[in-house]
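Structure assessment
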Amino acid sequence: FSATAGRPLIFGSFNNIPKLTPRTIRLWANVLQAVAGSRLLLRAPSFKDAGAVSRFRRLFADHGIGAERLVFRGPVGLDIMMQSYAEIDIALDPVPYCGGTTSLQALWMGVPVLTLEGGQFVSRMGASFMTAAGLPDWVARDDADYVAKAAAVAQDRVVLLELKRGLRDRLLARPGWDADCYAKDFEAALRRMWCETMWKS
């Protein structure tokens, strides 16, 4: 824990840059302002390009966030990418287009995801994931609640670290991550459909 406590809190996102909408940039800038000394690590294929990095530095600067609080990383292999989740304390879900695979990867690697529940499928995946993980308090109602929750969960590093350490075991104990049960339910559903089709014919 001492190593974690001795460095700035790191928010992060590995989502592709089309999801980093103006609203997302503003929201994440507000999160950084609400959590003194925190930083934001962004990894995406586009950040191998210096022009893309420069552009996003300017976008955050427009909201008062200096370049020293931003870390940009380009593409790497899947194994290295998954390992690099160890650098992140809290993953931030973009809005209105939530992360899908990236959010599940973060959770699997022990990084809780702060998300905002929207009105359509593309805006509700994060809420579904966190609810299925038994962490509905990580789902924000609106932008203001998102910032408030970020500040709240960042405040107690000990509690956050304990959550991170036990997150994978938490997932494996939940129905949503029970692959054997899912396979059996899917098999039963296919069998029911086949039986109904045969009966109708």
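Residues numbered from 1 in each chain as written. Predicted model: local features only at pLDDT ≥ 70, side-chain atom pairs only at ≥ 80, totals over all residues. Heavy atoms only, no water.

1. Here's the deal with the pairing of strand S3 (residues 70-73)
- Of the two faces of S3, the one lined by Leu-70 and Phe-72 is fully buried and the one lined by Val-71 and Arg-73 carries no buried residue.
- Summarising the sheet, strand S2 (residues 39-43) and S3 pair through 4 bridges and their orientation is parallel. Bridge pairing in S3 links Leu-42 to Phe-72.
- For the segment spanning S2, helix H3 (residues 50-61) and S3, crossover handedness is right-handed. (Buried < 20%, exposed > 50% of the residue type's maximum accessible area, 1.4 Å probe, protein only. Helix = DSSP H or I, 4+ residues; strand = E, 2+ residues; numbered from the N terminus. Pairing = 2+ DSSP bridges. Right-handed = clockwise from strand over helix to strand, strands pointing away.)

2. Overview of helix H7 (residues 143-155)
- Counted at 1.5 Å a residue, the expected span for H7 with its 13 residues is 18 Å, and the 19 Å between its end C-alpha atoms agrees.
- For H7, every residue scored as buried is listed here: Asp-145, Tyr-146, Val-147, Lys-149, Ala-150 and Ala-154.
- On the buried face of H7, the contacting elements are strand S1 (10-13), helix H2 (22-34), strand S4 (90-92), strand S5 (113-116), strand S6 (139-140) and helix H8 (157-172).
- With a side-chain oxygen positioned 3.3 Å from the backbone nitrogen of Ala-144, the residue opening H7 is Asp-142. (Expected span 1.5 Å × (residues − 1). Contact = heavy atoms within 4.5 Å. Polar contact = N/O pair within 3.5 Å; in protein donor to acceptor, adjacent residues only side chain to side chain.)

3. Digging into the environment of Ser-38
- Take Ser-38: it is sitting in the loop between H2 and S2.
- It is 19 Å that separates the C-alpha atoms of Ser-38 and Asn-15, two residues lying 23 residues apart in sequence.
- Beyond its immediate chain neighbours, meaning those up to four positions away, Ser-38 contacts Leu-9, Phe-11, Leu-32 and Arg-69.
- Within the local environment of Ser-38, its side chain forms a polar contact with the backbone oxygen of Val-35, the two atoms lying 2.7 Å apart.

4. What to know about a nonpolar patch on the surface
- A cluster of nonpolar side chains, contributed by Tyr-182, Phe-186, Leu-190 and Met-193, occupies part of the molecular surface with about 450 Å² of accessible area.
- Along the chain, Met-193 turns up in helix H9 (residues 179-200). (Patch = residues over 30% accessible without salt bridge, like charges linked within 9 Å, V, L, I, M, F, W, Y side chains within 5 Å. Areas by Shrake-Rupley, 256 points an atom, 1.4 Å probe, with all protein chains shown as cover. Salt bridge = Lys/Arg side-chain N within 4 Å of Asp/Glu carboxyl O.)

5. A word on the confidence of the model for the chain
- Mean pLDDT over the chain works out to 92, with 97% of the residues at or above the 70 mark.
- Per-residue pLDDT, averaged within each element of the chain, yields its smallest value for helix H1 (residues 2-5) (50) and its largest for S4 (98). (pLDDT = per-residue confidence, 0-100.)

6. A look at the sheet that holds S5
- Read across the open sheet, the 6 strands follow the order S3-S2-S1-S4-S5-S6; overall the sheet is parallel. Each edge of the open sheet carries a strand with a single partner, namely S3 and S6.
- Each of S1, S2, S3, S4 and S5 touches H2; the most contacted strand, S2, lies at about 145° to it. (Axes fitted to C-alpha atoms, helices over the stretch in contact; angles between N-to-C directions.)

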